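# Structural overview
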Amino acid sequence: MLLDPPSHGVGVLLWLLPGAALIGVGLLAMRAVRRRAPPGQRAATRLAPRPARRVWDVAAITVVVMVAVIAVAARATQHPATPAPAQDPVQTELALAASLEQQGQYAAAADLYRQANQERPDDGVRLKLAFALLRAKQPAEAADDARQVLAALPDDPDALLLLGLAQRAAGSPDATGTLRRFLQVAPQHPAAADIRRLVTHS
């Protein structure tokens, strides 16, 4: 009852079959009524097979067949499922890298960030790569990535912070100057208070 089949192909069968089945059942019922035996012959034919019962058995089977045909035809007329859009591989790599960072696997996370950045260059991803490298105790590589971001964005506070920390971890004398530059650019940065204490005691 809820189907709205198309008016072509298999859909035509869905429109015509119910009406044809009802007409057929009606004709069979009329035939059974006409063949009913007269009252005097009922006792003699009581043990004989009843034509009416046979007719209604045929009608029941017809209805069952009709329902089965409609079900099969309805499935044939359904539109194929729209395939789900493929997931962005770069987003998958970034999500996996973030998960690895949370597990403390910084070197593995850095590999994924590096791969994602090669596939789709992005300064934000490069900073995440630099941070993962710094925590993986690879400060020289972290400094290189931070410098690449600063080449395009000289006043980027996160790049300055990462470069200064990487230089400090590598024992570079430029670390203090870079961190002071960071404090000048972003005095309200969440890490500013800690960096200020670090620079004061260095």
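This write-up is about the structure you can find in this document. It should be emphasised that the depicted structure is a prediction, and the values quoted were computed from it without experimental measurement.

Okay, the overall build of the protein next. When helices and strands are counted, the protein shows 9 helices and 0 strands. The order of helices and strands in the protein, counted from the N terminus, is α-α-α-α-α-α-α-α-α. Per-residue burial for the protein yields a buried fraction of 30% across its 202 residues. Here the analysis covers contacts within the protein between residues at least 6 apart in sequence; of these, 43% occur between residues at least 24 apart. Looking at the protein as shown, the accessible area adds up to about 13600 Å², and 60% of this sits on carbon and sulfur atoms.

Turning next to the environment of Leu-134. Along the chain, Leu-134 turns up in helix H5 (residues 123-135). Given the relative accessible area of 17%, Leu-134 is considered buried. Along the chain, Leu-134 and Ala-107 lie 27 residues apart, while their C-alpha atoms are 9.4 Å from each other. When near neighbours in sequence (up to four residues on either side) are disregarded, Leu-134 contacts Pro-139, Ala-142, Leu-162, Leu-165, Ala-166 and Ala-169.

Next up on the list: the packing of helix H3 (residues 89-102) against helix H4 (residues 106-119). For the pair H3 and H4, interaxial distance at closest approach is 8 Å and the crossing angle is 160°. Relative to H4, H3 is oriented roughly antiparallel. Relative to H4, H3 is oriented so that their crossing is left-handed. Seen from H3, the contacting residues are Val-90, Glu-93, Leu-94, Leu-96, Ala-97, Ala-98, Leu-100 and Glu-101; seen from H4, they are Tyr-106, Ala-108, Ala-109, Leu-112, Tyr-113, Gln-115, Ala-116 and Glu-119. Class assignment of the residues belonging to the contact of H3 with H4 gives a composition of 12 nonpolar, 1 polar and 3 charged.

Here is what the cut-offs are and how they apply
- Note that residues are indexed from 1 along each chain, following the sequence as it is written.
- Local features in this predicted model are restricted to residues whose pLDDT is 70 or higher, and side-chain atom pairs enter the listing and the counts only when it is 80 or higher, whereas totals over whole chains, interfaces and linings include all residues.
- Hydrogens are left out, water is left out, and the side-chain values use all remaining heavy atoms of the structure.
- Secondary structure is summarised from DSSP: a helix means a run of H or I of at least four residues, a strand means a run of E of at least two, and numbering begins at the N terminus for each.
- Throughout this description, buried means an accessible area under 20% of the type-specific maximum (1.4 Å probe, protein chains only), exposed means over 50%, and partly exposed covers the range between.
- Here a residue-residue contact requires only that any non-hydrogen atoms of the pair lie within 4.5 Å.
- For accessible areas, the Shrake-Rupley method is used with a probe of radius 1.4 Å. Any residue's cover is judged against the shown protein chains and nothing else.
- Note on method: axes are straight lines fitted to C-alpha atoms, helices fitted across the in-contact stretch only, with angles between N-to-C directions ranging 0 to 180 degrees.
- Each angle receives one of four descriptions, namely roughly parallel if under 35 degrees, roughly antiparallel if over 145, roughly perpendicular if within 65 to 115, and oblique otherwise.
- Put simply, a crossing is left-handed when the front helix is turned counterclockwise from the back one by less than a right angle, and right-handed when it is turned clockwise.
- Ten residue types, Ala, Val, Leu, Ile, Met, Phe, Trp, Tyr, Cys and Pro, are classed as nonpolar, four, Asp, Glu, Lys and Arg, as charged, and the remainder, Gly among them, as polar.

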